[in-house]
Amino acid sequence: MAPLLELRDVSVQYDTQATPTLQHINLTIHQGEKILLTGRSGSGKSTLARLLNGLIPSEYAGTVTGRINLSGQDVTQQSVFKRSLVIGTVLQDSNAQFVGLTTGEDIAFALENDALVHSQLMAKVADWAAELHVTDLIDLAPQVLSGGEKQRVAMAGVLIDDEPILLLDEPLASLDPASGQRMMKLLSRLQAEDDLTIIIGEHRIEDILTGGVDRIVILDDGQVVSDATVPQTLTSGQLARFGLATPTYIQLLQAAGLDLKQVKNIEQPDELTAPDLEQRLKQFVASIESTPELSSGMLNDEIGLRIARLNFGYPTGQHIFTDFNLNFKADEMIAIVGKNGSGKSTLMQLIAGFLNPLSGEIRFKQTDLLALSIKERAQYIGYVAQNPNQMFTQANVFDEVAIGLRLRGIAESEIKTQVDRLLKIADLYEFRHWPVSVLSYGQKKRLSIIAVLILQPKVLILDEPTAGQDATHAKSLIQLVTELHHEERLTVILITHDMNLLQTVAQRTIAMVDGQVVADMEPSELLQNKSILHVADLRQTGLMTLINRFDSTWSTAQIVRMLNE
């Protein structure tokens, strides 16, 4: 069968760069395939997506060589409009593709351009809003939605127009785990029913595998370095070799001495089998449970951040918090989880001062934060937004990290020393003179984090810190944050949908649903609580699923610690 989409020796060089971003790409995709396209941050995934949907060279100036065939026709220089009739795209930054004043208008936009009869248009909008669980949001402006809600709205606006190829750039980055799982099931259904061809660019590999993919294509340094089935990729060590996250349950299999090539159904932790599987796992767990557990690292029970009797609602009429109370200790590493729209990001914006409560108290130790300006509050609270594009004030990478210290009057020589150190940790030093605008989403995310870290706040709030990050860069940033947490008694609050991050670094987990705390417990305890997982739209990790098949009393915390040493 002839391929639906084919790239022959394709290279791309932006006009603003001295070297090609993509080099000699050869790739074939057949109708009805579901492909996972992955690679470390800056490997060229987003550039390849822009090339496929026609944004390069139409909107991003550059030189394209080689040939792109679509159904056998050369479309290398085809316009964005013509390409959009065949390839529907959900961008990594969903804010960049909203055009309607309301969610309903945005979902309907493509059909309005198709001049569809109004009654049919309204029916399709209602159907897809229900399919993506956004019916209750239909009259709201997209800009007031949570990150995950925006992601689902953007998806509905693309799926409604029935293009034969769907291109998704980091579709799970802002979705809670249950919504992500529902999204993958929906894509699998559309693939089966409509013979839809799906290309997914994503770092959350374990979550993507729950919905099944036909192949995994890995990019590195602008080249295709692996194009293989899921079992071939998982058993070959290619993920770790190219700085990507190997699912933790597979890390456990490796640590227990199992030969991955003998593991059947390796992509399904609830079904996989292997010779001596249970015996090997029990031996490994017994060897680590004889090792004393490390202290959680908390120095004392001093309350650092206190929220009392908080009330807040948006002008649109959405009331989020009623008499809300929550305390954070002075040196905790806390993860806040919960379904999209539960109020997690709103709570953090109230703490940072970007929103004002109707009533209540927010204090850092004895300091009334509500009495301070945003500038004054920044001495205590460092906030890194979910969308890095909302954080930047400077055109240049170095200047973006340096601006906070400059405003505080720090000597330029000291600024250079501190900025260079953090840029190197974040693997951004070579881009220090680049415009912020040309960085990849993952690079922008790291830049936004270190621009706040350099100010040494007492409380650091990170909203989805690992979204868009490969394993290597995510690990280096979390290590930096963890070191500061221990050395400076820094309170770190992680808002995350990444269940592997939760079980790896958090000492305490708070689950929120509809503006209320429904659980406040250790991560391993939460991940074993099926009722909390259900109500908060969370799910067990593959590691927990595998462990529970044999003995749910095994110490997950110790296993995770050993896997990360």
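Residues numbered from 1 in each chain as written. Predicted model: local features only at pLDDT ≥ 70, side-chain atom pairs only at ≥ 80, totals over all residues. Heavy atoms only, no water.

In the annotation of an unreviewed UniProt entry, the protein is listed under the name DUF3744 domain-containing protein and assigned to Weissella diestrammenae. Heading Sequence similarities (unreviewed entry) of the UniProt record for the protein holds this comment: "Belongs to the ABC transporter superfamily." (UniProt positions renumbered as here; feature names shortened; annotations may be inferred.)

Engineer: Can you explain the overall build of the protein? Please cite residues and give values.
Structural biologist: Of regular secondary structure, the protein possesses 23 helices and 20 strands. Radius of gyration (C-alpha) of the protein: 24 Å, near the 24 Å computed for a compact globule of 565 residues. Each principal axis of the C-alpha distribution contributes one length, and for the protein these read about 70 × 60 × 55 Å. Burial statistics for the protein: of 565 residues in total, 56% are counted as buried. Accessible surface computed for the protein: about 23,700 Å², of which carbon and sulfur atoms make up 49%. Between the mean site of the 47 positive side-chain charges and the mean site of the 69 negative ones, the protein shows a separation of 4 Å. (Helix = DSSP H or I, 4+ residues; strand = E, 2+ residues; numbered from the N terminus. Rg over C-alpha atoms; globule rule 2.2 N^0.38 Å. Buried < 20%, exposed > 50% of the residue type's maximum accessible area, 1.4 Å probe, protein only. Areas by Shrake-Rupley, 256 points an atom, 1.4 Å probe, with all protein chains shown as cover. Lys, Arg positive; Asp, Glu negative; His and termini not counted. Charge placed at Lys NZ, Arg CZ, Asp CG, Glu CD.)

Engineer: Outline the packing of aromatic side chains, listing residues and values.
Structural biologist: Given two aromatic rings, their pairing is described by the distance between the two centres and the angle made by the two planes. For the coordinates displayed, the defined rule picks out 5 aromatic pairs. With a centroid separation of 5.0 Å and 80° between ring planes, the pair formed by Phe312 and Tyr314 is classed as edge-to-face. Relative to Trp434, the ring of Phe431 lies with its centre 4.7 Å away and its plane at 70°, an arrangement referred to as edge-to-face. Looking at Phe431, the relative accessible area reads 12%, which means it is buried. Above the face of the Tyr60 ring, Arg50 is positioned so that its terminal group lies 4.1 Å from the ring centre. Lying across the ring of Tyr429, Lys424 places its NZ or CZ 4.9 Å from the centre. (Phe/Tyr/Trp six-rings, centres within 6.5 Å; stacked < 30°, edge-to-face > 60°. Lys NZ or Arg CZ within 6 Å of the ring centre and 35° of its normal.)

Engineer: Lay out the sheet that holds strand β1 (residues 5–14) with the relevant residues and their values.
Structural biologist: Pairing in this open sheet of 4 strands is antiparallel, and the strands run β2-β1-β4-β5 from one edge to the other. Edge strands, defined here as strands with exactly one partner in the open sheet, are β2 (22–29) and β5 (73–74). Sheet analysis places β1 next to β2, joined by 5 bridges and oriented antiparallel. Residue pairing in the sheet places Leu5 in a bridge with Ile29 of β2. Contacts from helix α1 (residues 45–53) reach β1, β2 and β4 (62–70) within the one sheet, and its direction differs from that of β1 by about 115°. (Pairing = 2+ DSSP bridges. Contact = heavy atoms within 4.5 Å. Axes fitted to C-alpha atoms, helices over the stretch in contact; angles between N-to-C directions.)

Engineer: Please provide a residue-by-residue account of the pattern of salt bridges, values included.
Structural biologist: As enumerated under the stated definition, the model contains 21 salt bridges in all. Glu361 is paired through a salt bridge with Arg309; the nearest N and O atoms lie 3.1 Å apart. Placement of the pair is Glu361 in strand β14 (residues 359–364) and Arg309 in strand β11 (residues 303–313), with a sequence separation of 52 residues. Taking the relative accessible area as the measure of exposure, Glu361 reaches 28% and is therefore partly exposed. Assessed through its relative accessible area of 43%, Arg309 is described here as partly exposed. With its nearest N and O atoms 3.0 Å apart, the salt bridge here joins Arg406 to Asp399. Assessed through its relative accessible area of 32%, Arg406 is described here as partly exposed. By relative accessible area, which is 24% here, Asp399 ends up partly exposed. Within this structure, Glu33, Arg215 and Asp227 form a network of salt bridges that share partners. (Salt bridge = Lys/Arg side-chain N within 4 Å of Asp/Glu carboxyl O.)

Engineer: Can you break down the pairing of strand β3 (residues 34–39) residue by residue, with the values?
Structural biologist: Where burial is concerned, most of β3 is hidden: 6 out of the 6 residues are buried. Side chains of β3 alternate between two faces, with Lys34, Leu36 and Thr38 and Ile35, Leu37 and Gly39 buried alike. As judged from the 4 bridges shared by β3 and strand β8 (residues 197–201), these two strands associate in the parallel manner. When the sheet's bridge partners are listed, Leu37 is paired in β8 with Gly201. Pairing analysis gives 5 bridges linking β3 to strand β9 (residues 215–220), with the strands arranged parallel. Within β9, the residue paired with Gly39 across the bridge is Leu219.

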